[in-house]
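# Analysis of the macromolecular model
Listed here are the chains, written in short residue letters.
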Amino acid sequence: MSKKKLSKKLDVIFSKYIRWYYADYTGYVECYTCGIQKPVKEMQCGHFQSRRHYATRWQENNCRPQCVKCNMFEQGQQFEFGQKLISDIGEEKVNEIIQLSRTSVKMSEQEYKTLINYYNLKLKELTI
């Protein structure tokens, strides 16, 4: 499988994991930036530092569930996202995410496969 296809597969699995990780037992999850609650399937995996930065694309601390409005139409509400993230994980960790996002990362096929397997297992643990 090509790296591009592996990346897409990892995106799908990682997004599901992030949304289910923050979901309640009824399958609803709150948007990190506006607070609206919706079913997991109606939410997205929002990124504090853009998905275009591969170094932080699949970093759990960089991602939280977001509604389509906040994530797509309001560019991820990055300022609000960042402020809330600082209060949740601390300014030092947020700064580490920002610094890491400025680095270049080239993943091997095996690294993609390892992450896919890891998040598949984590997702199964959450949805059992």
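Coordinates for the structure precede this section.
Now for a description of the structure that goes with this document. (Residues numbered from 1 in each chain as written. Predicted model: local features only at pLDDT ≥ 70, side-chain atom pairs only at ≥ 80, totals over all residues. Heavy atoms only, no water.)

### Considerations on the layout of surface pockets
Quantified by volume, the largest pocket comes out at close to 450 Å³. Taken together, 23 residues make up the lining of the largest pocket; nearest its centre are C45, G46, H47, R51 and N71. Where the lining of the largest pocket is concerned, the elements lending two or more residues are helix 1 (3-21), strand 3 (43-47) and helix 3 (68-73). Counting residues per element, the lining of the largest pocket draws most heavily on strand 3, which supplies 5 residues. When the residues that make up the lining of the largest pocket are grouped by side-chain class, the tally is 6 nonpolar, 12 polar and 5 charged. (1 Å grid on protein atoms, 1.4 Å probe; cavity = no way out; pocket = protein on both sides within 12 Å on 5 of 7 lines; lining within 4 Å. Points joined across faces, edges and corners; volume = space filled by probe spheres on them. Helix = DSSP H or I, 4+ residues; strand = E, 2+ residues; numbered from the N terminus. Nonpolar A, V, L, I, M, F, W, Y, C, P; charged D, E, K, R; others polar.)

### Re unusual backbone geometry
Not every positive phi belongs to a glycine, and Q75 is a case in point at roughly 50°. Here the phi dihedral of Q77 falls at roughly 50°; this positive angle occurs in a residue that is not glycine. By secondary structure assignment, the location of Q77 is in the loop between helix 3 and helix 4 (78-89). Look at Q77 and you get buried, because its relative accessible area is 17%. (Buried < 20%, exposed > 50% of the residue type's maximum accessible area, 1.4 Å probe, protein only.)

### A look at the pairing of strand 3
Counting buried residues in strand 3 gives 4 out of 5 residues, a clear majority hidden from the surface. Bridge count for strand 3 against strand 4 (residues 63-67) is 5 bridges, and the pairing is antiparallel. Residue pairing in the sheet places G46 in a bridge with R64 of strand 4. (Pairing = 2+ DSSP bridges.)

### So, the packing of aromatic side chains
The tally for this structure, following the rule as stated, stands at 9 aromatic pairs. Both rings, one in F14 and one in Y119, keep their centres 5.0 Å apart while their planes meet at 85°; by these two values the pair is edge-to-face. With a gap of 105 residues between them, F14 in helix 1 and Y119 in helix 6 (residues 109-127) connect regions that are remote in the sequence. Taking relative accessible area as the criterion, Y119 reaches 4% and is therefore assigned buried. (Phe/Tyr/Trp six-rings, centres within 6.5 Å; stacked < 30°, edge-to-face > 60°.)

### Quick word on the nonpolar core
Within the largest apolar cluster, 13 residues are counted, with the highest numbers of intra-cluster contacts made by L10, F14, I18, W58, Y112 and Y119. Among the elements of the structure, helix 1 and helix 6 are those that each provide at least two residues to this core. No other element matches helix 1, which puts 6 residues into this core. In terms of nonpolar packing, the next biggest core, distinct from the first, is built from 8 residues, F81, V94, I97 and I98 among them. (Core = buried A, V, L, I, M, F, W, Y, C linked by side-chain atoms within 4.5 Å.)

### Quick word on the side chain of S7
Tracing the sequence through the fold places S7 in helix 1. Taking relative accessible area as the criterion, S7 reaches 5% and is therefore assigned buried.

### Remarks on the environment of Y118
The residue Y118 is located in helix 6 in this model. Sequence separation between Y118 and E96 is 22 residues, and the spatial gap between their C-alpha atoms is 23 Å.

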